[in-house]
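The primary structure of each chain is shown beneath.
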Amino acid sequence: MVLRRLFFRWLFPAAFVLPLWLFVGWIVFSGGSGWALLWLIVAVPAVFVSQLLLTLLIRARASVRESRAVSWRDLGGLGLWHVVIFALGLFDSRVFFPLLVLSVVGALVLFWSSLAQVWNEARGAVTVLHATDGTAYIPPAPERPQPRVEGDVIVVSETRRPD
């Protein structure tokens, strides 16, 4: 639970740290070719927007807000995606293109996974019953008992004064 809560706190800072890492990695690891610069101009905003969107989708779930911890699926998926983005910032020409493809595919998978989790938590559980003749119906919601008021009840009625 501690790891999931730490990752919950990491989501918003990651939207700023990961794109910054790509820029710093480009400077430090001599990714200074023209194609790398073009890629960097596209990748930095894309990583920022996708991480921010994923963060908002994850935090939209009631279970995440309640426990202040991400799910294990979020932790595994986003953790792996962040490692791939970190590895991209090293600008190793031997694995750059496969990591780039993996990061794009990973972002799309995480987006759909987050949407599926939001959808599953947001939809209400509806029970459909069937009558003996096969007709389906939704049973009425049970009435909640009114709280019993103990003690005296004072009713103050308001009267209008004639003007």
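Just above sits the structure.
Residues numbered from 1 in each chain as written. Predicted model: local features only at pLDDT ≥ 70, side-chain atom pairs only at ≥ 80, totals over all residues. Heavy atoms only, no water.

Asks: Residues and numbers for unusual backbone geometry, please.
Replies: The residue Arg68 is not glycine, and still its phi comes out positive at about 55°. Mapped onto the elements of the fold, Arg68 is located in the loop between α3 (62-67) and α4 (72-88). Phi at Phe91 is positive, roughly 55°, even though this residue is not glycine. Along the polypeptide, Phe91 turns up in the loop between α4 and α5 (96-122). Look at Phe91 and you get buried, because its relative accessible area is 13%. (Helix = DSSP H or I, 4+ residues; strand = E, 2+ residues; numbered from the N terminus. Buried < 20%, exposed > 50% of the residue type's maximum accessible area, 1.4 Å probe, protein only.)

Asks: Describe the pattern of salt bridges, listing the residues and the values that go with them.
Replies: All chains considered together, the criterion is met by three salt bridges. Note that Arg61 is salt-bridged to Asp74, the shortest N-O span being 2.5 Å. With Arg61 in the loop between α2 (34-59) and α3 and Asp74 in helix α4, this pair connects stretches of sequence that are 13 residues apart. The class for Asp74 is buried, based on a relative accessible area of 2%. Across the pair Glu121 and Arg61 runs a salt bridge whose closest N-O atoms are separated by 3.5 Å. Of this pair, Glu121 sits in helix α5 while Arg61 sits in the loop between α2 and α3, and the two are 60 residues apart along the sequence. On the basis of relative accessibility, which here comes to 2%, the residue Arg61 falls in the buried class. Each of Arg61, Asp74 and Glu121 takes part in a single network of salt bridges with overlapping partners. (Salt bridge = Lys/Arg side-chain N within 4 Å of Asp/Glu carboxyl O.)

Asks: How would you sum up helix α1 (residues 2-28)? Please name residues and give values.
Replies: Between its first and last C-alpha atoms α1 spans 33 Å; for 27 residues at 1.5 Å apiece the expected length is 39 Å, and the helix comes up short by more than 12%. In the structure, α1 departs most strongly from a straight axis at Pro13, where the bend amounts to approximately 55°. For α1, the full list of buried residues reads Arg4, Phe7, Phe8, Leu11, Ala14, Ala15, Leu18, Pro19, Trp21, Leu22, Gly25 and Trp26. Following α1 by one or two positions, Ser30 adopts a phi angle in the positive range, close to 55°. (Expected span 1.5 Å × (residues − 1). Bend = angle between axes of the 7 residues up to and from the residue.)

Asks: So what's going on with a nonpolar patch on the surface? Which residues, and what values?
Replies: Together, Leu20, Phe23, Val24, Ile27, Val28, Phe29, Phe86 and Leu90 make up a nonpolar patch on the protein surface, roughly 710 Å² of accessible area in all. Broken down by element, the residue count for the nonpolar patch peaks at five residues, all from α1. In this fold, Leu20 is placed in helix α1. (Patch = residues over 30% accessible without salt bridge, like charges linked within 9 Å, V, L, I, M, F, W, Y side chains within 5 Å. Areas by Shrake-Rupley, 256 points an atom, 1.4 Å probe, with all protein chains shown as cover.)

Asks: Talk me through the packing of aromatic side chains; I want residue IDs and the actual numbers.
Replies: With the rule as written, the count across this model stands at eight aromatic pairs. Pairing Phe91 with Phe96 gives two aromatic rings, centres 5.8 Å apart and planes at 15°, and the pair type is stacked. Members of the aromatic cluster, each reached through a chain of ring pairs, are Trp21, Phe29 and Phe86. Note that Arg59 overlies the ring of Phe8, its terminal NZ or CZ placed 4.1 Å from the centroid. (Phe/Tyr/Trp six-rings, centres within 6.5 Å; stacked < 30°, edge-to-face > 60°. Lys NZ or Arg CZ within 6 Å of the ring centre and 35° of its normal.)

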